[in-house]
Amino acid sequence: MQRCWNVPAGLRDAQELRVVLAAELAADGAVISGSIRLIEPVPAPDSRFQQAYEAGRRALLRCSPYSELPRDKFAQWRNIEVVFNPEGMVSW
Amino acid sequence: MVNSLRRSLVVGLPAAIALRPFAAAAQAPLRIEITEGVIEPMPFAAPGFVPDSAEAADLAARITQVVIDDLTGTGLFREIPSNAHIGRITNFDAPVQFADWKAINAQALITGAAGQRGDRVSVRFRLWDVFAQTQLGEGLQFEGTAQAWRRMGHKVADAVYSRLTGEGGYFDSRVAYIAASGPKSARRKQIAVMDYDGANPVMLTDGNALVLTPRISRSASQILYTSYEQGAPRVLMIEAGGGRRQVLDDAQGMTFAPRFSPDGSRAVYSASTGTGSDIFVVDLASRRRAQLTQTASIDTAPAFSNDGGQIVFESDRAGTQQLYVMSAGGGEARRISFGEGRYATPVWSPRGDMIAFTKIVGGRFHIGVMRTDGSNEKLLTASYIDEGPTWAPNGRVLMFFRETPGDTGGPQIYSVDITGRNLRKVPTAGFASDPSWSGLLG
């Protein structure tokens, strides 16, 4: 998924913008678009987290479907929480 | 269970599944940590804005191009050119076919329409997240005069930039500067003002007298500068539209290095006093003047903080040229620069978090930024001469001028963002120096 995550480096103090997104996947490994939501931090402290959330949402959707996931373990990966942590990636 | 997966490994989804121990609690969400991604300009598509009438076709195309140029110029976005588009937007209100834009990997899509009625132009636009298949923010509409059509494009780009980065925009703004022509030995210098991207340049002085350091007010309505037309340097104020000029302070002999307060009601400047120079402030309405420093040293290049409450300036009071901060009412100053070399021309970010400066060390010039307490110094550029930073309205980008050596050398204005990326030359007809960036025109 990292190849689909375009870290929002233009944001102020971008390295602080850690967000956690929850999403539901369909049995074919596709992310159900409407299921994606921000679960951390809630409420978002400022508007930059909205942009960080949207960057994470784009990453989830651009790499979807995750067809290599084992079908027989669908129950395990049906609900996911993805931490997007840019801490080590961007300097101010 | 969840915690067992929370390790700082970079994992893709399938790898996370493999790592996951036993599925005891099947309903617990699978947690994955992504610590690496890519940092690359976000690809966007901006198909030509739809003209409201056949006459508006040219206008719509030109406005679209301004939007594209503004966004790509930031280095944060990359345009997917129209010859790669699969879809076409021929009706601004028709539903967007997201699959067409997904197929070319556009992450953002800008759709727009433009119209012209007599001297009035209007533009409206919407911004879309292609992969989430959703509109980002509200659609907006701007109106203006036909002559100011470029501003309509800048306003659209400001709104898009703001929505995608969470920062304010900076495209609908003006820059005062010195336009220079002629040979190095007899350079003709004029006070000029242009759009942030070099368009619409206007000369405000005739070039007969030497002029220095134009400083534009945040509203872009007035410019302070230093002129030698009466022999000694004098700070003058001129309307940005041209016309009336006035001397800022008749009482002092030599005055220089002026700057406006953020609200435009006051100006700070230097005046020579005996052996050195001191810093003064003047209220522009009452012309009441106050002396803020009183030393035997050279105190100069004052600039207000973003809230108008403090002043940063350069002084050689400790032996070398360093940066100091004091209250806008004067009083004790505290030194904030302690690195090697000399520091000059400090400017406070309009966002209040940083100070940009010129640094001269080891025979090289740099543009740098530091926190307002002097910590976290970072040099963004290096060259033979890099000088005179000025902040974009959003505090994310700086302009400065770079001078090339030799008989044919001369200054050009550049921009760079505060991470040191995206160094670009600002197009001007001839040599140009001493940029001073206004606020957003609003």
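Use the structure listed above.
Description of the structure in this document. Because the structure is a prediction, the values reported are computed rather than measured.

For strand S3 (residues 79-84) of chain A, the buried fraction is high: five of the six residues fall into the buried class. Examined bridge by bridge, strand S1 (residues 19-24) of chain A and S3(A) share six bridges and lie antiparallel to one another. By the bridge assignment, A:Ala22 is partnered in S3(A) with A:Glu81. Sheet analysis places S3(A) next to strand S1 (residues 30-34) of chain B, joined by five bridges and oriented parallel. The residue bridging A:Phe84 from the neighbouring strand is B:Ile34, located in S1(B).

This part is about the sheet that holds strand S16 (residues 255-260) of chain B. Residues and elements named next belong to chain B. Across the sheet, which stays open at both edges, the four strands sit in the order S16-S17-S18-S19 with antiparallel pairing between neighbours. Of all strands in the sheet, those bounded by a partner on one side alone are S16 and strand S19 (289-291). The mean inter-strand angle of the sheet, taken between neighbouring strand axes irrespective of direction, is 25 degrees. In the sheet, strand S18 (residues 276-283) pairs with S19 via three bridges, with the strands oriented antiparallel. Directly across from valine 281, in S19, lies its bridge partner alanine 290.

With that out of the way, let us pick up the sheet that holds strand S12 (residues 211-216) of chain B. All names here are of chain B. Judged by pairing direction, the sheet is antiparallel, and its four strands sit side by side in the order S12-S13-S14-S15 without closing on themselves. Lying at the two open borders of the sheet, with one neighbouring strand each, are S12 and strand S15 (245-247). Each strand axis lies, on average, 30 degrees off the axis of its neighbour in the sheet, ignoring direction. Relative to strand S13 (residues 222-230), S12 is paired through four bridges, and the arrangement is antiparallel. Each bridged residue has a counterpart across the sheet, and for arginine 215 the counterpart in S13 is leucine 224.

All names here are of chain A. Within this structure, the stated rule accounts for one disulfide over all chains. With a sulfur-sulfur separation of 1.9 Å, cysteine 4 is cross-linked through a disulfide to cysteine 63. Between cysteine 4 and cysteine 63, the S-S torsion sits near 85 degrees, and that sign places the bridge as right-handed. Of the two residues, cysteine 4 sits in the segment before S1 while cysteine 63 sits in the loop between helix H1 (47-62) and helix H2 (74-77), which places them 59 residues apart along the sequence.

Turning our eyes to something else, we now look at the packing of aromatic side chains. The description of an aromatic ring pair uses the distance of the two centres, along with the angle that the planes make with each other. Residue and element names in this part refer to chain B. Taken as a whole and judged by the stated rule, the model has 17 aromatic pairs over all chains. Between tyrosine 161 and tyrosine 170 the ring centres are 5.6 Å apart and the planes differ by 80 degrees, which places this aromatic pair in the edge-to-face class. Per residue, the accessibility class of tyrosine 161 equals that of tyrosine 170, and both read buried. Aromatic pair tyrosine 170 and phenylalanine 171: ring centres 4.6 Å apart, planes at 45 degrees, arrangement tilted.

Let's shift gears to the packing of helix H2 (residues 57-73) of chain B against helix H4 (residues 149-165) of chain B. Any two packed helices are characterised by the angle at which their axes cross and by the distance between the axes. All names here are of chain B. Here H2 crosses H4 at 45 degrees, and the two axes come no closer than 8 Å. Of the possible angle classes, the one that applies to H2 and H4 is oblique. H4 is crossed by H2, and the crossing has right-handed handedness. Counting all contacts with H2, which are made through Leu59, Arg62, Ile63, Val66, Val67, Asp70 and Leu71, the residues of H4 involved are Trp149, Arg150, Met152, Gly153, His154, Val156, Ala157, Val160 and Tyr161. Residues that form the contact of H2 with H4 fall into these classes: 11 nonpolar, two polar and three charged.

With that out of the way, let us pick up the interface of chain A and chain B. Between chain A and chain B, the contact holds 44 residues from the first and 48 residues from the second. Summed over both sides, the interface of chain A with chain B buries roughly 4,200 Å², with 53% coming from carbon and sulfur. Our count for the contact surface shared by chain A and chain B stands at five salt bridges. The shortest N-O distance in the salt bridge between A:Glu54 and B:Arg163 comes to 2.9 Å. Between the two partners, chain A and chain B, sit 15 residue pairs in polar contact (both at pLDDT 80 or more). Where the side of chain A that touches chain B is concerned, the elements lending two or more residues are H1, H2 and S3 of chain A. Per element, the largest residue contribution to the side of chain A that touches chain B is nine residues, and it comes from H1(A).

Let us now look at H1(A). Residue and element names in this part refer to chain A. When the terminal C-alpha atoms of H1 are compared, their 23 Å separation across 16 residues agrees well with the 22 Å that a helix rising 1.5 Å per residue should span. Of all 16 residues in H1, 14 are buried; the element is thus mostly enclosed. The residue sitting at the N-terminus of H1 and contributing the capping side-chain oxygen is aspartate 46; that oxygen lies 2.8 Å from the backbone nitrogen of arginine 48.

Here the focus is H4(B). Residues and elements named next belong to chain B. Here H4 spans 25 Å end to end across 17 residues, near enough to the 24 Å set by a 1.5 Å rise per residue. Judged by how many residues are buried, H4 sits mostly within the fold: 13 of 17 residues are covered. Once H4 ends, the next one or two residues include glycine 166, with phi positive near 80 degrees.

We now examine the nonpolar core. Counting 47 residues, the largest nonpolar core has A:Leu60, A:Phe84 and B:Trp101 as its most contacted members. The set of elements that each furnish at least two residues to this core consists of S1, H1 and S3 of chain A together with S1, helix H3 (98-103) and strand S5 (108-117) of chain B. Among the elements that make up this core, the one with the highest residue count is H1(A) (seven residues). Filtering out sequence-adjacent residues up to four positions away, A:Phe84 remains in contact with A:Met1, A:Trp5, A:Leu17, A:Arg18, A:Val19, A:Leu21, A:Gly56, A:Ala59, A:Leu60 and B:Ile34. Within the second largest apolar cluster, 45 residues are counted, among which are B:Met42, B:Ala108, B:Leu136 and B:Met194.

On to the side chain of B:Thr381. Turning to its location among the elements, B:Thr381 is positioned in the loop between strand S27 (378-379) and strand S28 (385-391). Ignoring sequence-local partners within four residues, the contact set of B:Thr381 consists of B:Phe365, B:His366, B:Ile367, B:Asp386, B:Phe400, B:Arg402 and B:Val416.

Moving on to the pattern of salt bridges. Here the idea is simple: oppositely charged side chains can pair when their charged atoms come close. Tallied over the full model, the rule gives 22 salt bridges over all chains. The partner of B:Arg126 in a salt bridge is B:Asp93, with the nearest N and O atoms 3.1 Å apart. Placement of B:Arg126 in strand S6 (residues 120-129) and of B:Asp93 in the loop between strand S4 (77-79) and H3 is noted, with a sequence separation of 33 residues between them. Judged by relative accessible area, B:Asp93 falls into the exposed class, the value being 56%. Put simply, A:Arg18, A:Glu40, A:Glu81 and B:Arg31 are held in one network by salt bridges that share partners.

The rules we used
Residues numbered from 1 in each chain as written. Chains lettered and ligands numbered in written order. Predicted model: local features only at pLDDT ≥ 70, side-chain atom pairs only at ≥ 80, totals over all residues. Heavy atoms only, no water. Buried < 20%, exposed > 50% of the residue type's maximum accessible area, 1.4 Å probe, protein only. Helix = DSSP H or I, 4+ residues; strand = E, 2+ residues; numbered from the N terminus. Pairing = 2+ DSSP bridges. Axes fitted to C-alpha atoms, helices over the stretch in contact; angles between N-to-C directions. Disulfide = S-S within 2.5 Å. Phe/Tyr/Trp six-rings, centres within 6.5 Å; stacked < 30°, edge-to-face > 60°. Parallel < 35°, antiparallel > 145°, perpendicular 65-115°, else oblique. Left-handed = near helix turned anticlockwise from the far one by under 90°. Contact = heavy atoms within 4.5 Å. Nonpolar A, V, L, I, M, F, W, Y, C, P; charged D, E, K, R; others polar. Buried area = accessible area lost by both parts, 1.4 Å probe. Salt bridge = Lys/Arg side-chain N within 4 Å of Asp/Glu carboxyl O. Polar contact = N/O pair within 3.5 Å; in protein donor to acceptor, adjacent residues only side chain to side chain. Expected span 1.5 Å × (residues − 1). Core = buried A, V, L, I, M, F, W, Y, C linked by side-chain atoms within 4.5 Å.

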